[in-house]
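Given next are the chains, with one letter for each unit.
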Amino acid sequence: MKVIIPVAGFGTRLRPHTLHNPKVLLNVGGKPMIHYIIEQLIKDKIASSIILVTGFLGDKIKEYLDSSFKFKFDYVEQAEAKGLGHAVYCAKSVFKNKNDETLIILGDTLFDVDLKKMVKGKDSVIGVKVVDDPRRFGVVEKDGNGYITRFVEKPASKEVSPSNEAIVGLYYLKNSLHLFKSLEHIMKNNITVKGEFQLTDALEHMLNNDDKMKTFNVEGWLDCGKPETLLETNRYLLSKNKKPGSYKFKNTKIVEPVFIGKNVNIENSVIGPYATINDDCVIKNSFITDSILDKFSTVENCSLTDSLIGEGAIVKRDALKISVGNYSEI
Ligand code: UTP
C-alpha cells in the first residue's frame, strides 16, 4: 500500500511560526508533528511507499525526514498549492498507472488510531469522528448498510446535517486508479471551492461511479493547524507520553507533564504543566504553562500561558499569552 502525505501548504494560520519553518516541522510534545506520523507508519509496517507531496519549504522537510529515519521516502512536488485534491493528484507518478491501495494522511493532523485495523477490511474507508456540532466540518451521509452516499461540507445546522460524523483527514482507498481518474475529472471541469481542488469532490465523484466506502471511527483526532489546536495536541501528547522526568534545575519546580530537551538552562522558575521546552532554551524567573518554546529561545521574568515562542526568540517582558516568531525580541 502506498501512503500519500500532503505537506505542501503554507500553514498561514500558524504564522509567524510557518514563515521560515514548514508547519509539519513545528514541534509539539517534543517532536515535529510529522515525526509522529512517520514513526507510526514505519512501526506498523503497512506502507510499501511513503509519498510526501512537498512545496513551500519542502527541502527542509526532506532534509529532516531523510536524516531522522532509515526509510526511502518518495518526494513529489506540488509547484503551486492548489488544494488538497490537487496535492494528492501530484502523487500519481509514483503509482505508475497501476492500481494500488492508498492511504492519505494529512501532514498536520495526528491520529491516535489503529491503522492496521483501519486498512484491514475489504472496503475503502473514510476516517470519521462523532462531533457535537457538525457545522464546522465536512460530514458523511450513509445508507442503512453503513455505506457512504454523500459528503456534505459544513452543514448549515445540526438539524439539516445528514449525520454528526465529521471527516477527520484519513482516507483509505482500495482503488487508486479510480481516485486519480476522479481527481482528473474535477480538475478538467474546474470544480473548485474557494479556488482549490478539494479531495472530497473527487471522492463524491467516486461514489457517483459506484465506488463503495464505509466509515472508520477515529477517536484520537489531533489537529495541529492552528495555535489553539497545536497547544491542545501538545497537552494531549505530554499527558499520554508522560514519564516522570528526572529534571533538576536550580531553584525550580517542575509540574508534570512537561517535555524538556537537551542543554536547557532553567533557574528560579515554575515549569508546567503542559510545557514543551526544546533544546538550548534559557528560562529565568518565570512561570510557564501550556506553552511551546522552540529551540534556542530565552524567556526571563515572564508568566507565560497558551503561548508559542519561536526558535531563537527572546521574551523578557511579562506577558500572559503570546505568539512570537523566530528570532524576535520582546
Ligand atoms: P490545510 O489547508 O490544513 O493546510 O491542509 P495549509 O494550507 O498548510 O494551512 P493554512 O490553511 O494555510 O493555515 C491540510 C494538509 O494538506 C496540505 C497541507 O500542507 C496540510 O498538511 N496541503 C494543502 C497541500 O499539500 N497542498 C495544498 O494545496 C493544500
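What you see is a predicted model; the values in this text were computed from it and never measured.

With that settled, consider helix H6 (residues 176-188). The end-to-end C-alpha distance of H6, which contains 13 residues, comes to 18 Å, matching closely the 18 Å that a straight helix rising 1.5 Å per residue would cover. Those residues of H6 that fall on the buried side of the exposure criterion are Ser176, Leu179, Phe180, Ser182, Leu183, Ile186 and Met187. Buried residues of H6, viewed axially, fall in a sector of 160°; they line one side. Counted as exposed and oriented over 90 degrees from the buried face of H6: Lys181 and Lys188. Taken together, the buried residues of H6 touch strand E1 (2-6), helix H3 (84-89), helix H4 (92-95), strand E6 (102-105), strand E11 (165-173) and helix H7 (199-208). Its side-chain oxygen 3.1 Å from the backbone nitrogen of Leu177, Asn175 forms the N-cap of H6. Looking one or two residues past H6, Asn190 carries a phi angle of roughly 50°, positive in sign.

With respect to the helices, strands and loops of the structure, His35 is situated in helix H1 (residues 33-44). We classify His35 as buried; its relative accessible area is 13%. Those residues in contact with His35 that lie beyond four places of it in its chain are Tyr64, Ser68 and Phe69.

Judged by nonpolar contacts, the single largest core of 44 residues is most densely connected at Ile5, Ile34, Leu41, Leu103 and Leu170. The element best represented in this core is H1, accounting for six residues. Here Ile5 is in contact with Ile34, Ile37, Ile38, Leu41, Ile50, Ile51, Leu52, Val53, Ile105, Leu106 and Gly107, once residues within four sequence places are set aside. Grouped together as the second largest cluster of nonpolar side chains are 31 residues, Val76, Phe180, Ile186 and Met206 included.

Here we take up empty space enclosed by the protein. Per the counting criterion, the structure on display carries one cavity of 30 Å³ or more. In this structure, the largest cavity occupies an estimated 120 Å³ of space. For the largest cavity, the full set of lining residues is His17, Asn21, Leu26, Asn27, Leu230, Ile292, Asp294, Leu308, Ile309, Gly310 and Asn326. Here the lining of the largest cavity is composed, by residue class, of five nonpolar, five polar and one charged.

Reading the values: the criteria
- Residues numbered from 1 in each chain as written.
- Predicted model: local features only at pLDDT ≥ 70, side-chain atom pairs only at ≥ 80, totals over all residues.
- Heavy atoms only, no water.
- Helix = DSSP H or I, 4+ residues; strand = E, 2+ residues; numbered from the N terminus.
- Expected span 1.5 Å × (residues − 1).
- Buried < 20%, exposed > 50% of the residue type's maximum accessible area, 1.4 Å probe, protein only.
- Arc of directions from axis to C-beta.
- Contact = heavy atoms within 4.5 Å.
- Polar contact = N/O pair within 3.5 Å; in protein donor to acceptor, adjacent residues only side chain to side chain.
- Core = buried A, V, L, I, M, F, W, Y, C linked by side-chain atoms within 4.5 Å.
- 1 Å grid on protein atoms, 1.4 Å probe; cavity = no way out; pocket = protein on both sides within 12 Å on 5 of 7 lines; lining within 4 Å.
- Points joined across faces, edges and corners; volume = space filled by probe spheres on them.
- Nonpolar A, V, L, I, M, F, W, Y, C, P; charged D, E, K, R; others polar.

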